[in-house]
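Residue-level listing of the chains:
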Amino acid sequence: MFDTVVEDMEAFSGSALAALFAGMLVGMVFGMLPGLGGVAAVSILLPFVFYLDDYSGLAMLLGAISIVYTSDTITSVLLGAPGSPASAPTAIEGHALAKQGHAARALGVGFLASMVGGLMGAAILLVAIPIAGPIVLMLSTPELFMFALVGLFFASSMVGKDLAKGLAAASLGVLLGVVGPAQAAADFRFTFGQVYLLDGFSLTIVALGLFGVAEAISMLAAGGGISHEPMKVSKWGAGFRDFWDAKWLVLRASIIGVFGGFVPAVGASASTWVAYGHAMRSTKDKSKFGKGEIRGIAASEGANNATVISDLVPTLLFSVPGGPAAAIFLGALFSFGYYPGPRMITQNPDLMFLIVWSVALTSIVGAALCFAVAPLLARLTRIPFAIIAAPLILIMIVGAYQSTSTMGDIFMLFLLGTLGWLMKHGGWPRAPTLVGFVLSGPMEQYFWLTNQIHGWSWLTRPGVLIIASIIVIPMAISSFKWVRNRSRQTPEAASPAVEKHEEETSAIPEDSRGIALVLAAVATVMFVYATWEMFTFNPASRLMPALAIVPGLPLVLWLLFRGFREYRNDFARDGGELWVLGVFLAYTVAVWAVGISVPTVILIVWMLLAQARMRWWTSLIYGAAVFAIVRLLFDLLRGDAPVGALLAFS
């Protein structure tokens, strides 16, 4: 056994090890850039991979894939913009801690949990690959659909105090996810005759719009740094103690992430929220969740990093990639002459050990690198945000523009940013919308196949009932407790309690009743129109829109009625943010009209001189560097940039 391991370790030649570290550095940088993440990192590396030998090329890709979920913790915590959908819980809890002056503490726990998740994933991957095939094959489409539904429910119910808003947000995300081609019939849904919408929305644009642009608007309008409290980045004791206190939670979350990664196309988005929900349910005091709970970060980071590794299980066994980055890795395997399947495990054991050791080594070294730069990065939260916003907004635009290289990408980025801003100030949680969007595709595929194969008898399958109990049992217990508490109160005592709860809910700073009313009205129009157009689709194309509309329409109607009843005219408080939102929308129109160069220069000047109040000569140097880097990113990623409709016709 020892000799076998030694022989397999010889796959790590000097060139393979150097390639692994090179991929790791690229993945770390791209993981910290909102919207560019793992897919962009492996896409950038792919042309260079084929100049290397097979082991070195694959090691380079693995280094980039394995560190992204560690380094994107930095973006999620400091900026509140998740580097990937699976990092949404980290963005919620970690960014709240950063605003309180505890960014280093949140980063430390996130890095350690990511390292443990990666190591756990590598260890289980080593043991699980030979036996995972039969386990994965035991899951049929009904069970896969229910597993995705559980992830969506946890995302809806675990964020925010208002379950109606959480479920409505999730339904809205599913509705956004079904725009474009139907999977079950020759239909294009909700495209409004626009060629841009024929392929649906890009995940990168949805994530950046709902979180990145919305947060940038608020922080630009507020002025100052991300954190208003001084940082103590030299002492990591509190972070290590927090991690040690949550060590068993991290291990359990890692196991959840591993098994979540076994399910193709669901993966980290569902398993991370299941782990986050487990952290909430296993904590006695749940009041801190959503406001900066360190256990939420520990569970989220442990699960999503473990999922990255276990995503490779269906990729290596069945040629079914667990995610976009795994799909690129699968293409590289084919190019090097490796054909995934059960035989590859016995025919190429050295390759399997290369994968496991690459992931394990990257998890340790990647966490160490992130720890090394964390003190410097944590201090960024004290820098005026307008200085950081200039490159950040432009990087978001570059990341969004990768989707189709058309002006539609930039328009949708800021339109969805407007939606994210409305949701933030209207008290709607944005994470369920993002998770609903991500899961809409696999859910539609599983739902359609399930009904074609089993009819409605699948509802009585034992596996379906067991998975459904994860939703039903907690809801039944909560309902029983609510009814029992109500029955113990007299009518006179019940009314003040309800009033107190409503008062506490309305006291949330980000819950603007006026904006909540506008958002409910917009969502109602969207769902009513979707209901009308749904009946023009083929029957097979109606399944998934109906799954979003049936719960979504009654919920938004209820929220609209409640909004009218509770309405207060408080738009004045958000006037500064409306001004910033207007600048971004005007920038979008200007880019469409005259191209990206002149509007971008004006935007940089406005951010640096008007918002950050920098000196003209320092802003000139800094702005020129930012503009040059953005142009370089365009050249590296696409080779073109928006020209402008007026210039194109001239």
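Since the structure is predicted, the reported quantities are computational estimates derived from the model, not experimental observations.

**Q** Hey, could you go over the overall build of the protein for me, with residue numbers and the actual values?
**A** Of regular secondary structure, the protein possesses 28 helices and 2 strands. Residues classed as buried in the protein amount to 57% of the 650 residues present. In the protein, 79% of the contacts between residues at least 6 apart in sequence involve partners at least 24 apart. Element-wise, carbon and sulfur atoms account for 69% of the exposed surface of the protein, whose accessible area totals about 26900 Å².

**Q** How would you sum up the packing of helix H8 (residues 163-177) against helix H23 (residues 513-534)? Please name residues and give values.
**A** Between H8 and H23, the shortest axis-to-axis distance is 12 Å and the interhelical angle comes to 50°. The angle between H8 and H23 falls in the class oblique. Note on packing geometry: the crossing formed by H8 with H23 is left-handed. Counted together, Ser171, Leu172, Leu175 and Leu176 of H8 and Met526, Phe527 and Ala530 of H23 form the full contact between these two elements. Looking at the contact of H8 with H23 residue by residue, the classes come out as 6 nonpolar, 1 polar and no charged.

**Q** Got a sec to walk through helix H5 (residues 88-99)? Specific residues and values, please.
**A** The terminal C-alpha atoms of H5, which comprises 12 residues, lie 16 Å apart, in line with the 16 Å expected from a rise of 1.5 Å per residue. Taking burial as the measure, the 12 residues of H5 include 11 buried ones, the bulk of the element. Listed as buried for H5 are Ala88, Pro89, Thr90, Ala91, Ile92, Glu93, Gly94, His95, Ala96, Leu97 and Ala98. In the stretch just after H5, Gly101 is the one whose phi turns positive, near 90°.

**Q** Help me get a handle on the packing of aromatic side chains, residues and values and all.
**A** Tallied over the entire structure, the rule returns 10 aromatic pairs. Aromatic side chains Phe145 and Phe447 sit 4.9 Å apart centroid to centroid with 20° between the ring planes, which places their arrangement in the stacked category. Here Phe145 is found in helix H7 (residues 141-157), whereas its partner Phe447 is found in helix H20 (residues 431-454), with 302 residues between them in sequence. For the pair Trp558 and Phe561, a centre-to-centre distance of 6.0 Å together with 35° between the ring planes defines the contact as tilted. Linking Trp558 with Phe561, this pair stays in helix H24 (residues 543-566), spanning 3 residues, or about one helical turn. Judged by relative accessible area, Trp558 falls into the partly exposed class, the value being 38%. Here the aromatic cluster, defined as three or more aromatic residues joined through ring pairs, consists of Phe145, Phe447 and Trp458.

**Q** Go over the environment of Val525, please, and point to the residues and values.
**A** Looking at the secondary structure, you find Val525 in helix H23. In the structure, Val525 is positioned 28 residues away from Leu553 in sequence and 9.4 Å away in space, judged by C-alpha atoms.

**Q** Residue-level account of the side chain of Thr362, with values.
**A** Following the sequence through the fold, Thr362 ends up in helix H17 (residues 349-379). For Thr362, the contacting residues outside a window of four places in its chain are Leu20, Met24, Gly63, Ser66, Ile67 and Ala367.

**Q** Any chance you could break down the environment of Ala246 for me, citing the residues and the numbers?
**A** Tracing the chain through its elements places Ala246 in the loop between helix H10 (237-245) and helix H11 (247-261). Each C-alpha atom, one on Ala246 and one on Ala113, is 9.2 Å from the other, the two residues being 133 residues apart in sequence.

**Q** For a nonpolar patch on the surface, give the residues involved together with the corresponding values.
**A** Judged by side-chain polarity, Val601, Val605, Leu609, Trp616, Trp617, Leu620 and Ile621 come together as a nonpolar surface patch covering roughly 740 Å² of accessible area. At the level of elements, helix H26 (597-611) and helix H27 (616-637) are the ones that each hand at least two residues to the nonpolar patch. Per-element tally for the nonpolar patch: the top contributor is H27, with 4 residues. Looking at the element boundaries, Trp617 is found in helix H27. On the accessibility criterion, Trp617 (43% relative accessible area) is partly exposed.

**Q** An account of the packing of H8 against H20 is requested, with residue identities and associated values reported.
**A** Following both chains from N to C, one finds H8 and H20 inclined at 40°, their axes separated by 7 Å at the closest point. Here H8 and H20 pass one another in a crossing that is right-handed. Between H8 and H20, the residues in contact are Gly166, Ala169, Ala170, Leu172, Gly173, Val174, Leu176 and Gly177 and Pro432, Thr433, Gly436, Phe437 and Ser440, respectively.

**Q** Describe the side chain of Ser363, naming the residues involved and giving the relevant values.
**A** Relative to the assigned elements, Ser363 resides in helix H17. Relative accessible area serves as the criterion here: at 2%, Ser363 is assigned to the buried category. There is a polar contact of 2.8 Å between the side chain of Ser363 and the backbone oxygen of Val359. Excluding its chain neighbours within four sequence positions, the residues that come into contact with Ser363 are Met115, Gly118 and Leu119.

**Q** Give me unusual backbone geometry: which residues, what numbers.
**A** Positive phi is not limited to glycine here, since Phe190 has a value of about 55°. Examined against the element boundaries, Phe190 turns out to sit in the loop between strand E2 (188-189) and helix H9 (203-222). For Phe190, a relative accessible area of 5% translates into the label buried.

**Q** How would you summarise a positive patch on the surface if you had to cite specific residues and measurements?
**A** On the surface, a cluster of positive charge is made up of Arg281, Lys286, Lys481 and Arg484. In this structure, Arg281 sits in helix H12 (residues 267-281). On the accessibility criterion, Arg281 (41% relative accessible area) is partly exposed.

**Q** Which residues make up the pattern of salt bridges, and what values go with them?
**A** Evaluation of the coordinates by the stated rule reveals 2 salt bridges. When the shortest N-O distance is used, the salt bridge between Asp242 and Arg105 registers 2.4 Å. With Asp242 in helix H10 and Arg105 in helix H6 (residues 103-138), the pair connects residues that are 137 residues apart, well separated along the chain. Note on Arg105: relative accessible area 28%, which makes it partly exposed. Among the salt bridges present, the one from Glu444 reaches Arg189, with a minimum N-O distance of 2.7 Å. In this pair, Glu444 sits in helix H20 while Arg189 sits in strand E2, placing the two residues 255 residues apart along the sequence. Accessibility assignment for this pair places Glu444 and Arg189 in one class, buried.

**Q** I'd like to hear about the confidence of the model for the protein, residue by residue, with values.
**A** A residue-level look at the protein finds 76% of positions with pLDDT of 70 or above and a mean pLDDT of 75. Helix H19 (residues 407-425) holds the highest mean pLDDT among the elements of the protein, 87, whereas helix H22 (residues 491-506) holds the lowest, 37. Here residues 1-9 scores under 50 on pLDDT; set against residues more than four positions off or in separate chains, the count is 4 contacts. Across residues 490-511, confidence stays below pLDDT 50; counting only partners more than four residues off in sequence or on other chains, it has 20 contacts.

The rules behind the values
- Every residue gets a number counted from 1 within its own chain, in the order that chain's sequence is written.
- With pLDDT at 70 or above as the cut-off, local features in this predicted model cover only qualifying residues; side-chain atom pairs require 80 or more to be listed or tallied, and sums for whole chains, interfaces and linings still use all residues.
- Excluded from the side-chain calculation are hydrogens and water; included are all heavy atoms of the structure.
- Put simply, DSSP marks the helices as runs of H or I at least four residues long and the strands as runs of E at least two long, and each gets a number from the N terminus on.
- Only protein chains enter the calculation, and the probe is 1.4 Å; a residue is then buried if its accessible area is under 20% of its type maximum, exposed if over 50%, and partly exposed in between.
- By definition, residues are in contact when any of their heavy atoms lie within 4.5 Å.
- Where accessible areas are quoted, they stem from the Shrake-Rupley method and a 1.4 Å probe; at the residue level, only the protein chains shown are allowed to cover.
- Lines fitted to C-alpha atoms define the axes here, with helix axes fitted over just the stretch in contact, and angles between the N-to-C directions of these axes take values from 0 to 180 degrees.
- Roughly parallel covers angles under 35 degrees, roughly antiparallel covers those over 145, roughly perpendicular covers 65 to 115, and oblique covers all other angles.
- Here a crossing is taken to be left-handed if its near helix is turned anticlockwise relative to the far helix by less than a right angle, and right-handed if that turn runs clockwise.
- The residue classification treats Ala, Val, Leu, Ile, Met, Phe, Trp, Tyr, Cys and Pro as nonpolar and Asp, Glu, Lys and Arg as charged. All others, Gly included, are polar.
- How far a helix is expected to stretch is found by multiplying one less than its residue total by 1.5 Å.
- In this scheme Phe, Tyr and Trp rings, the latter by its six-membered ring, pair at centre separations within 6.5 Å, and the angle between planes marks the pair as stacked below 30 degrees, edge-to-face above 60, and tilted otherwise.
- Residues enter patches when their relative accessible area tops 30% and they take part in no salt bridge; the joining distance is 9 Å for like charges and 5 Å for the nonpolar side chains Val, Leu, Ile, Met, Phe, Trp and Tyr.
- Think of a salt bridge as a Lys or Arg side-chain nitrogen and an Asp or Glu carboxyl oxygen that are within 4 Å of each other.
- Polar contacts, as counted here, are pairs of nitrogen or oxygen atoms within 3.5 Å of one another; within protein the pair requires one atom able to donate a hydrogen and one able to accept it, and residues that are adjacent in sequence qualify only if both atoms are side-chain atoms.
- Charged-residue counts in this description rest on Lys and Arg as positive and Asp and Glu as negative, His and the chain ends being excluded.
- The atoms used to mark charge sites are NZ of Lys, CZ of Arg, CG of Asp and CD of Glu.
- For every residue, the pLDDT score states the predictor's confidence, bounded by 0 at the bottom and 100 at the top.

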